[in-house]
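Single-letter residue listing:
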Amino acid sequence: MELSKDKEEILNEIDINKCFLITGSAGTGKTTLGCMIGNKLSNKINKNQRILYLTFSNLAKYQISDRLNELIKKNVIDKQLMKIVEVNNYHSLWWNLICRYKGFLNIPEDPILLTDEELEIQSQEELENLKANLKIPSDYITNNGTINKNKKDSLLHILKGSALIYNDYGPENFGENGRKFKGKMDFLNEISNIIMSRNRKGIFSHNETIYWVNKLLLRHPNILSILRAKYPIIIIDEFQDSDIAQWEIIKMIEPKTLIAMGDAAQTIHKWRGADPERFNQLETFSKDIYKAYIHKELIKKHRSNIDFSNINNLNQRSLKINIFDTVKHNKAKYKTKLEVKKSIFKKLNSYKSIAVLCLENKQANEITSFIRKKNTFNSGGCFKGLSCRRIGSNYSPYEQAKSICINLINMKELSTSKIANEIVNKIFFPLSLHKVSNRSRKDIYIKRWTDANNVYTKIKKDFIQGLNLFIDLCFKEEKRNSYICDRMTLSCISYVKHKLIIYSNNLINGDLLEKRAIINNIILQYEVICKNKFNSDISVMTVHQSKGREFDFVIIPWFADIPWESINYGYQWDMNNDEHQNLFHTACTRAKKEVEIIYPKNNFAL
Ligand SMILES: Nc1ncnc2c1ncn2[C@@H]1O[C@H](COP(=O)(O)OP(=O)(O)OP(=O)(O)O)[C@@H](O)[C@H]1O
C-alpha cells in the first residue's frame, strides 16, 4: 500500500508521550492509519501491556478488526499486532471493568446485563410504580391522569439508565435527549436511586455502566493505576462522537500516548451528547500532560474519486407519487421498496457490494423483508427473493455468528466449556447460566434460560450435538424477530457450525497460537465465501450502523421531508437540523462508486 505524504509524515512523527489529533473527511484513511500507528508503536510496550484501539459500537469494533486483518493479509502490518492491539468499544470496556472489580463496587451478585426487551419491560414496570406513587412531575401527566404519550418515551429513556449520568454530569451535556430534563434534578435524583438499587442487585443496562466505572476509578486509585499501566497507548476512533462522560474517563486514565481521530462532519450522535468541541478539549487537556500536542489533517481521499458530499454527484430518483394526493401512504412505501429492489437488480452484476441505508431501524427491517421475499405483481411478473444481510440488528445470525468467531479469538483460555458459555451468552445474553433464579425472570425469559441451559449442558457433554442444538436455537431466535431465514442466513450459520466442528477437533491438539490462527482463518474464509456465493453483497442498515463502512453502491430510500410511516408518526429527514445534515453526509460518503437517492415526488428532503 502506497502511503501519501501526509500519512508518512504522521508515522514519522508518532511517538510515545505525545498527543495526536488526526482529522480528515470521510475516506481519507483515518481508521487505516490508526492500524498503522498501532503497528509503529507496537515495540514501545512490554508484553503485559496492550494498545487500546477504542471505538463506539460493536459494529465499529468489527470494522477495525476487519481492517487489521486486511492489512495483515496485505503485509502492511505485522500479524503479531492482533495480539498487541485490543480493539474494544466503550461499553464492553466498562462492562469488563465492572465484572472484574464488582467487589469494589459492593455489587454482590455476578452482574448481568439486561437485553433490550428485558430493559423495556423492567422500565415500563418502574414507570407504573412511579405513577402509582404520584412521583411523576405534573407536566408529564395529562388532564385525565395518564402519562403524556409524547413524553412517555423520554421518561422510559431515563429509567433505562441515562438518569444516572444526567444526574452526575448535568443533563444539558447530553444533547436533545438530556436537555429535556434540564431543571429537573430532583426527579433525576429520584430515578437514579431506582436504577442504583437495581444495579446493587447486580442487574444492569449498558447505559449506567459508565457511571459505575467513573466511581470505581475515582474511589480506587490503585485500579486506575492498573488500567493506566495496562494501556499506555490509546487510539480513539470516531472521537467526534464521544460524550462528556466517556471523555472524562479517558482523561482519568491519562494514557502515556493518546491518539484521537475524527471528522466533525460525521458527528451523528449529538442527540446523546456527542460534541466536536471534544477536539478543543483534547488540546486543552494535552497541554499539561504531554510532551507535544500535534494536530494533523488528512487530505487525500482514498475511498472514491467522486466527491459524494456534492449533491450533483448523486443520482436522484423521484417516485411518481405525491403523498398528499389521493395516494395512500402504504402505496408510497410499497413503491419505495419496489424502487430499491429494482435498483439492486439493475446493479447486481456491476457492483460487488450494495447497501441500502435507512434513517430508522423499522424502515430497514421492512426493506430487508421485502428484498428477501418473492414479490408478485397484479400486472403479472415477479421479483425473485434476494439474499441480503440486515446489519446492526441485535439478533442477526450473520453478525452473531461472526461475533462468536471473533470472541473465540479473544478468549484467553480455550476450553469446550468456555466455548459453550460464549456461544450461549451470545444468543441468550445476558441470561447468566448459574445465577438466574426462577423469580427473577418472567415466564418467557425462564423458557429462554432453560433453552440456553440445555445447549450449555449439551455442548459440555457432546460438543457437536450441542452445536446442533445451538443452530436450531439460532433459527428460533431468527423467527422470533420475524426476519425471514434466507439462503444467506442459513448458509452463514451452517458454515460457522461446520467450521466450529472442525475447530473443536483441533482443540485436542495444537497450541494456543495455532488455535487462534485457525479461527482467524475461519473468519476470513467466511467473509469470502459469503461474498462469492451470493456474487453480490447486499446489506441493509441504518445510517448510524453504516459508520466507518464502505460499499460500491449506496441507496438511500425515502429521502423525504415526511416520515416513512405516516405524516403524523415516525422519523423524518430534517435537513435544517445539522445532525441530519451530518447523517446524510455520512450516508453518501459510504459509497465508492455510486449513490442513488429515492424520494416521493415533491418531498425531496433537501
Ligand atoms: N494509504 C492508503 N492507500 C490506499 N488506500 C487506502 C489508504 N488508506 C486507506 N485506504 C483505503 O481507503 C478506504 C477508506 O479508508 P478508511 O476507512 O481508513 O477511512 P476513514 O477516514 O476512516 O473513513 P470514514 O471517516 O468514512 O470512516 C479503505 O478502503 C482503505 O482501504
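Residues numbered from 1 in each chain as written. Predicted model: local features only at pLDDT ≥ 70, side-chain atom pairs only at ≥ 80, totals over all residues. Heavy atoms only, no water.

Examining the overall build of the protein chain
Here's step 1: When helices and strands are tallied, the protein chain shows 22 helices and 16 strands.
Here's step 2: Residue burial in the protein chain is summarised as follows: out of 606 residues, 55% are buried.
Here's step 3: Of the roughly 27,000 Å² that the protein chain leaves accessible, carbon and sulfur atoms contribute 47%. (Helix = DSSP H or I, 4+ residues; strand = E, 2+ residues; numbered from the N terminus. Buried < 20%, exposed > 50% of the residue type's maximum accessible area, 1.4 Å probe, protein only. Areas by Shrake-Rupley, 256 points an atom, 1.4 Å probe, with all protein chains shown as cover.)

Section: the domain arrangement of the protein chain
Here's step 1: Domain assignment breaks the protein chain into domain 1 (5–98 + 218–293), domain 2 (112–201), domain 3 (311–387 + 535–601) and domain 4 (397–523).
Here's step 2: Using C-alpha coordinates to define each centre, domain 1 is positioned 33 Å away from domain 2.
Here's step 3: Taken together, the contacts link 9 residues of domain 1 with 8 residues of domain 2.
Here's step 4: Carbon and sulfur atoms make up 69% of the area that domain 1 and domain 2 hide from each other, which totals about 740 Å².
Here's step 5: Among the residues domain 1 hides against domain 2, the three largest losses belong to Trp-95, Ile-244 and Trp-271. Together they make up 58% of the total.
Here's step 6: Between the two partners, domain 1 and domain 2, sit 0 salt bridges.
Here's step 7: There are 1 residue pair in polar contact (both at pLDDT 80 or more) connecting domain 1 and domain 2. (Domains from an automatic or database assignment. Contact = heavy atoms within 4.5 Å. Buried area = accessible area lost by both parts, 1.4 Å probe. Salt bridge = Lys/Arg side-chain N within 4 Å of Asp/Glu carboxyl O. Polar contact = N/O pair within 3.5 Å; in protein donor to acceptor, adjacent residues only side chain to side chain.)

Observations concerning the site of the ligand
Here's step 1: What surrounds the ligand is a group of 18 residues, the closest being Lys-30, Thr-32, Arg-67, Arg-303 and Glu-550.
Here's step 2: Gln-266 places a polar side-chain atom, nitrogen or oxygen, 2.9 Å from an oxygen atom of the ligand.
Here's step 3: Ranked by the residues each element gives to the shell around the ligand, the list is headed by helix H2 (residues 30–41), at 3 residues.
Here's step 4: A breakdown of the residues in the shell around the ligand according to their chemical character gives 3 nonpolar, 9 polar and 6 charged.
Here's step 5: Each of domain 1 (5–98 + 218–293) and domain 3 (311–387 + 535–601) gives at least three residues to the shell around the ligand. (Near = heavy atom within 4 Å. Nonpolar A, V, L, I, M, F, W, Y, C, P; charged D, E, K, R; others polar.)

Focus on the pattern of salt bridges
Where charged atoms from two side chains of opposite charge come close, those side chains can pair.
Here's step 1: This structure, assessed with the given rule, holds 27 salt bridges.
Here's step 2: The salt bridge partner of Arg-198 is Glu-126, with a shortest N-O separation of 2.8 Å. Residue Arg-198 is located in helix H9 (residues 185–200), and its partner Glu-126 is located in helix H6 (residues 116–132); the two are separated by 72 residues in the primary sequence.
Here's step 3: A relative accessible area of 3% places Arg-198 in the buried class.
Here's step 4: When its relative accessible area of 11% is taken as the criterion, Glu-126 is described as buried.
Here's step 5: Linking Asp-241 and Lys-547 is a salt bridge whose minimum nitrogen-to-oxygen distance equals 2.0 Å.

Things to note about the packing of aromatic side chains
To describe a pair of aromatic rings, you give the distance between the ring centres and the angle between the ring planes.
Here's step 1: Considering all chains together, one arrives at 24 aromatic pairs under this definition.
Here's step 2: Seen in terms of ring centroids, Tyr-211 and Trp-212 are 5.4 Å apart; in terms of plane orientation they differ by 90°. Their pairing is edge-to-face.
Here's step 3: The exposure class of Tyr-211 is buried, given its relative accessible area of 8%.
Here's step 4: Judged by centre distance (5.4 Å) and plane angle (70°), the ring pair of Phe-559 and Phe-604 falls under edge-to-face. Of this pair, Phe-559 sits in the loop between strand E15 (551–556) and helix H22 (578–588) while Phe-604 sits in the segment after strand E16 (591–600), and the two are 45 residues apart along the sequence. (Phe/Tyr/Trp six-rings, centres within 6.5 Å; stacked < 30°, edge-to-face > 60°.)

Focus on the UniProt feature "binding site: ATP" (unreviewed entry) in the protein chain
Here's step 1: Mapped onto this numbering, the UniProt entry gives "binding site: ATP" (unreviewed entry) at Gly-24, Ser-25, Ala-26, Gly-27, Thr-28, Gly-29, Lys-30 and Thr-31.
Here's step 2: With respect to the helices, strands and loops of the structure, Gly-24 is situated in strand E1 (residues 18–24).
Here's step 3: Apart from residues lying up to four places away in sequence, Gly-24 is in contact with Lys-30, Gly-262, Asp-263, Glu-297 and Leu-298.
Here's step 4: Position of Thr-31 relative to the elements: it lies in helix H2.
Here's step 5: Here Thr-31 falls in the buried class, since its relative accessible area comes to 17%. (UniProt positions renumbered as here; feature names shortened; annotations may be inferred.)

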